[in-house]
Structures are given as C-alpha cells and as structure tokens.
Amino acid sequence: MIIKKRNKTELDQYEALLSRMRPEHPKFREVESDYARRKKGYIGERQVDYYLEDLAPEMTILQDLNLSVEGKNMQLDNLLISQYAAYIVEVKNFTGSITFDTELQQFTRDDSTQEKGFRHPIQQAELQKQRLQAWLQEMNLPPIPIYYFIAISDPSTIIRVEGNKEEIAKVVAHAAHIPNKIKQHEDRGSNQQPIQHQKLGHFLMQAARKREYKLMRNYEIRPEDILPGVRCPGCGYLGMRRLYGKWLCPKCKMISKEAHKRAIYDYLFLIQPTISNRECRRHLNISSKNIATKLLKKELVYDKTKRSWKNR
Ligand SMILES: [Zn+2]
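Computed from a predicted structure; not experimentally measured. (Residues numbered from 1 in each chain as written. Predicted model: local features only at pLDDT ≥ 70, side-chain atom pairs only at ≥ 80, totals over all residues. Heavy atoms only, no water.)

### Remarks on the overall build of the protein
Looking only at helices and strands, the protein features ten helices and 16 strands. Viewed in the frame of its principal axes, the protein has a C-alpha envelope of about 70 × 50 × 35 Å. The contacts of the protein with a sequence gap of at least 6 include a subset with a gap of at least 24, amounting to 59%. As presented, the protein carries roughly 17900 Å² of accessible surface, and 48% of it is formed by carbon and sulfur atoms. (Helix = DSSP H or I, 4+ residues; strand = E, 2+ residues; numbered from the N terminus. Contact = heavy atoms within 4.5 Å. Areas by Shrake-Rupley, 256 points an atom, 1.4 Å probe, with all protein chains shown as cover.)

Structural data, given as structure tokens:
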C-alpha cells in the first residue's frame, strides 16, 4: 500500500512564482533554471514510481519522506518496507552516460558536451541507510535489515562501470529492473520475525516532517516583486478588468467569472497564508471594498482576530 504519495507542491509554487515575476528581475533566470531542473527530477521520480508501485500489494511504500535524525534532516526519495526488510530507492536523473569508478570511488556524467563529477550516489545511499538505522534506534524500534538501490530514471541513460561491475550492478539499475532486485532480497530473510510494515510505515509517516516551501524567502524575493493582477485564462495577459460582475481581458476580450480565484490562491501560496481586504483589492486591482469581500467570502473564511481571510 502506498501510504505517502509524492506531491508536486514545490513545482506548483515555482510555477506561480514565475508567472508573477518580471522577467527582468535579477533572480528570474535562477528561479527559472532551478524550476526546470526540479521539474525534470520530478518527472524522473514519477517514472520510477510507476515501477515501484507494482510492489504496493505486498509492501508499504512511502514516497518523498523527510525525517529528522540526530538533529539533521534526511530526505528519502522512496522507502519500501516488506515483512522482511526496508528498501531505500534513490532516484537519479542523468542525460547521456554515467560512469561509476569503483577504484577511485568516483562518479561522473558525460552528456556529450562536458564531463562532470557528482557526489557518489552509492556513498550517499549508504549514509541514508546508516541514518535510517540511527533513526530506528532513536525511536527505540528494533533494528531491521535495510537495503538500498539507485534507480536511473531515464531508460536512455547509459550506465558504465570502471572496475568492479558486479559491485555496482548489485545496487544500480534502470528503474524497470529495481522491483526484481528488491524481490531477490525478499526470499532471504525469511527466518526472522516478520516486520509489521504497515504499522512501521504509519509510525514513520507520523514522524515525517512536513516539507515547507518558502521559495520567496529562499531566493530573497520581496512581496513587492510579485506582480499583482488577474490573469486572463485565454491569452495569459495579467490585468483583467472587473466589469459588471465579470472579468474582461482588454487584450483578447475574453470574459471570465472565475479568473480571480487563481490570483487569490497565488497570493496565499506565495506571499502569506492570509489576505486582508486591502491586500486583496491591491492584488486584484479593484477599488470596491464590497466586491473584494464578496469574492473572498466565496473562497475563504474570515479570521476575526487577524482581520484577514484564510483557507478553509
Ligand atoms: Zn486575454
């Protein structure tokens, strides 16, 4: 059973942010390229999910798990737990060819324009395994066998090994082969006490940290840098006008009744979790207090103490 699903909140926030930044903003290019990279990573992770989810009937699966171990943050792309063992599956997305050098403990990628070194994925996974063991100990849970795998998400990535091929093949494979590798381990530990994997999974989930995405703060983008306005769902123009209870696009003449919703949620998503009447009027480019109240009332609830509106 998949008890924790991967979400794309971070990508959604990037999209909202990019749609409301001036392209001339000094941070725009950086935000844009980080977004492209994360999006590629997310697509790779979903490709791997597709194969791992086949194991869901007999295992407990947690996707994108964040734990605090010995005061440090640990993030796992995938954790699968069966009655025999726990499996960490880290996802790597590379274009071109990758080389594991077992003698030099080196990991490089060659995308035909340049060769570049990266942190060694196996050392990283080994560290995660140790941290997960430490976490179980911290929680006074019995130790369990933990294995790790590196899933190469793009089937066209060429995997090369310099040195001991077998050593690498034990833990590295294209995503489609990972379920089989996991199953090979399943037959072995059958003489131990079965792990209550669902129970452990729920325990892990409760301990998991909710990830908070504070993109504006991370990039030092100020609320004033966020462009106000209602975006036209037809042509994308930012600056629809309120006219007789509807929104009119001055560019393509499209009429919408709902276009303000996206703008209100962008505000809550990016700037702060509450919005006052004044902030709403500024953000939607309207002058009437009553109209702002009417629009806010339909989407949000009023918090009297803060004199602001927030999500239900
Ligand atoms: Zn338009």
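### Some points on the packing of aromatic side chains
Counting across every chain of the model gives eleven aromatic pairs. Here the aromatic rings of F94 and F107 are separated by 5.4 Å at their centres, their planes lie at 65°, and the arrangement is edge-to-face. On the criterion of sequence distance, the pair formed by F94 in the loop between β4 (86–92) and β5 (97–101) and F107 in strand β6 (residues 106–110) is long-range, its members being 13 residues apart. There is no split in this pair, since F94 and F107 are both buried. Ring geometry for F100 against F107: centres 4.8 Å apart, planes inclined by 45°, an arrangement best described as tilted. By the burial criterion, F100 is buried, and F107 matches it. Each member of the aromatic cluster is reached from another via a ring pair, and the members are F94, F100, F107 and F118. (Phe/Tyr/Trp six-rings, centres within 6.5 Å; stacked < 30°, edge-to-face > 60°. Buried < 20%, exposed > 50% of the residue type's maximum accessible area, 1.4 Å probe, protein only.)

### Looking at the UniProt feature "domain: NERD" (unreviewed entry) in the protein
UniProt's feature table lists "domain: NERD" (unreviewed entry) at residues 40–155, given in the numbering used throughout. Secondary structure content for residues 40–155 is 27% helix and 41% strand, and the end C-alpha separation is 14 Å. (UniProt positions renumbered as here; feature names shortened; annotations may be inferred.)

### Let's talk about the nonpolar core
With 33 residues, the main nonpolar core has L65, L67, L79, I81, I122, V172 and L204 as its most contacted residues. When contributions to this core are tallied by element, the ones reaching two or more residues are β2 (60–69), β3 (72–81), β4, β5, α3 (121–138), β8 (146–152) and α6 (197–207). In terms of residues, this core owes the most to one element, α3, which gives six residues. The next biggest cluster of nonpolar side chains, apart from the first, holds 19 residues, and it includes W247, C249, Y267 and C280. (Core = buried A, V, L, I, M, F, W, Y, C linked by side-chain atoms within 4.5 Å.)

### A closer look at helix α10 (residues 289–299)
In an α-helix there are 3.6 residues to a turn, and that puts residues three or four apart on one side. Inspection of α10 places A292, L295, L296 and E299 among the buried residues, and these make up the whole buried set. All buried residues of α10 project into a common sector of 95° when viewed along the axis, lining one side. Away from its buried face, by an angle of more than 90 degrees, α10 presents the exposed residues N290, K297 and K298. Residues of α10 that are buried sit in contact with β11 (241–243), β12 (246–248), α8 (259–270), β14 (274–275), α9 (277–284) and β16 (308–310). (Arc of directions from axis to C-beta.)

### Focus: the sheet that holds β12
Here three strands make up an open sheet; going across it, the order is β11-β12-β13 and the pairing antiparallel. At either end of the open sheet lies a strand with only one pairing partner, and these are β11 and β13 (255–256). Strand direction decides the pairing type here: β12 and β13, joined by two bridges, are antiparallel. From the neighbouring strand, W247 faces β13, where its bridge partner is S256. (Pairing = 2+ DSSP bridges.)

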